[in-house]
Amino acid sequence: MSSRDAIGIFDSGLGGLSAVKEFMRVLPGERIIYFGDTGRVPYGTRSRDTIRKYAFQDADFLLKNNVKMVVAACGTVSSVAGSELEEKLAVPYTGVVNPTVYTAVRKTKNGKIGVIGTSATVNSHSYKKRIHKLNPGLEVFEQACPLFVPLVENGVIHRDDQITRLVVQRYLSELKEQGVDALILGCTHFPLLHGAISDFMGEEVELIDSGCETALYAAKVLKEQNLLNDDQSVKTPEFYVSDTPEGFKNVAELFLGRDMEHTVTQIDIEQY
Ligand code: DGL
């Protein structure tokens, strides 16, 4: 095993925790280093150049911490800068678009797939293009839901919260009318709103989130490249953020169900 022994995961903020949760389940013996760019969230309303710049700074921070793989647990980065990261990083890389699309294409029965994400993701049509590459006959309906991101960052995530319910209804009514039976949560913040989204869309609509599929894909890549840790004892993840750890800690504790007191550290991302 090389000295690069951790999996580096990043997102603009809290959203990537939905992937971390799955990585901890699928790869409990791997060390995880997570960076949430809480000082610069949201990414999804920014220009391509800015998102690209942030993405490379985030990846560089992780590489300086000796990660053996970089995961952009962010639909926006995966959509806008994914190919470039894959090409330029010196370690294996994955985003969330491809693994998620495979599941959606497998799961739909009526051939109507909904995609929700940030404005940058929806404008890039990354999920739609990928779906049509796998099966051009499927119908894809896209909807940007930018307000979901601040709701999550501020912990307004409960299924019975009136504000959450109203915003969900506002964004998802059309997709519901269009009769999609699979809905891609194309932004990693959105699984934190799973309850409210599921209540509105109904049980018959399958919500597809990227975390599990991405973790399974990463496990496959690490195994193929002989990069899995020899020591498979359960590891505690390390979390880094670019703004005060407080808000992050509270939502992360709620979401991951663990005490984050000593594991969240603030860094200055602009220096990377
Ligand atoms: N969690 C991110 C995504 O998957 C980004 C949200 C944002 O920063 O706008 O797209």
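Enquirer: Whenever I open this one, the site of the ligand confuses me. Can you help?
Expert: S12, Y43, G75, T76 and H189 are the nearest of the 14 residues found near the ligand. In the model, an oxygen atom of the ligand is placed 2.8 Å from a nitrogen or oxygen of the G44 main chain. One nitrogen or oxygen atom from the side chain of T76 is found 2.6 Å from an oxygen atom belonging to the ligand. Relative to its unbound accessible area of 290 Å², the ligand is 99% covered by the protein chains. Here the shell around the ligand is built from residues that sort into six nonpolar, seven polar and one charged.

Enquirer: Can you walk me through the nonpolar core in this structure?
Expert: Nonpolar side chains in soluble globular proteins tend to end up buried together. Formed by 54 residues in total, the largest nonpolar core has its most connected members in L17, F23, I116, F148, I197 and F248. In this structure L17 touches Y34, F239, F248, A252, F255 and L256, once residues within four positions along its chain are discounted.

Enquirer: Explain the sheet that holds strand β4 (residues 93-94) to me, please; I cannot follow it from the model alone.
Expert: One open sheet holds the six strands; their spatial order is β4-β3-β1-β2-β9-β10, and the pairing between them is parallel. The open sheet has two edge strands with one neighbour each: β4 and β10 (264-266). Examined bridge by bridge, strand β3 (residues 67-72) and β4 share two bridges and lie parallel to one another. Paired with V70 across the strands is Y93, a residue of β4. In the packing of helix α10 (residues 210-224) onto the sheet, contacts are made with β1 (6-11), β3 and β4, and the angle to β3 comes to roughly 150°.

Enquirer: How should I be thinking about α10 in this particular structure?
Expert: Given 3.6 residues per helical turn, the α-helix brings residues three or four places apart onto the same face. Here α10 spans 21 Å end to end across 15 residues, near enough to the 21 Å set by a 1.5 Å rise per residue. Buried within α10 are the following residues: S210, G211, T214, A215, A218, A219, V221 and L222. All buried residues of α10 fall inside an arc of 165° around its axis, so they share one side. Among the exposed residues of α10, those pointing more than 90 degrees away from its buried face are K223 and E224. In this structure, the buried residues of α10 make contact with β1, α1 (17-26), β3, β4, α4 (97-107) and β8 (206-209). Of the residues flanking the start of α10, the one acting as N-cap is D209, its side-chain oxygen 2.8 Å from the backbone nitrogen of G211. Downstream of α10 by a residue or two, N226 has a phi angle that is positive, lying close to 55°.

How each quantity is defined
- Residues numbered from 1 in each chain as written.
- Predicted model: local features only at pLDDT ≥ 70, side-chain atom pairs only at ≥ 80, totals over all residues.
- Heavy atoms only, no water.
- Near = heavy atom within 4 Å.
- Polar contact = N/O pair within 3.5 Å; in protein donor to acceptor, adjacent residues only side chain to side chain.
- Areas by Shrake-Rupley, 256 points an atom, 1.4 Å probe, with all protein chains shown as cover.
- Nonpolar A, V, L, I, M, F, W, Y, C, P; charged D, E, K, R; others polar.
- Core = buried A, V, L, I, M, F, W, Y, C linked by side-chain atoms within 4.5 Å.
- Buried < 20%, exposed > 50% of the residue type's maximum accessible area, 1.4 Å probe, protein only.
- Contact = heavy atoms within 4.5 Å.
- Pairing = 2+ DSSP bridges.
- Helix = DSSP H or I, 4+ residues; strand = E, 2+ residues; numbered from the N terminus.
- Axes fitted to C-alpha atoms, helices over the stretch in contact; angles between N-to-C directions.
- Expected span 1.5 Å × (residues − 1).
- Arc of directions from axis to C-beta.

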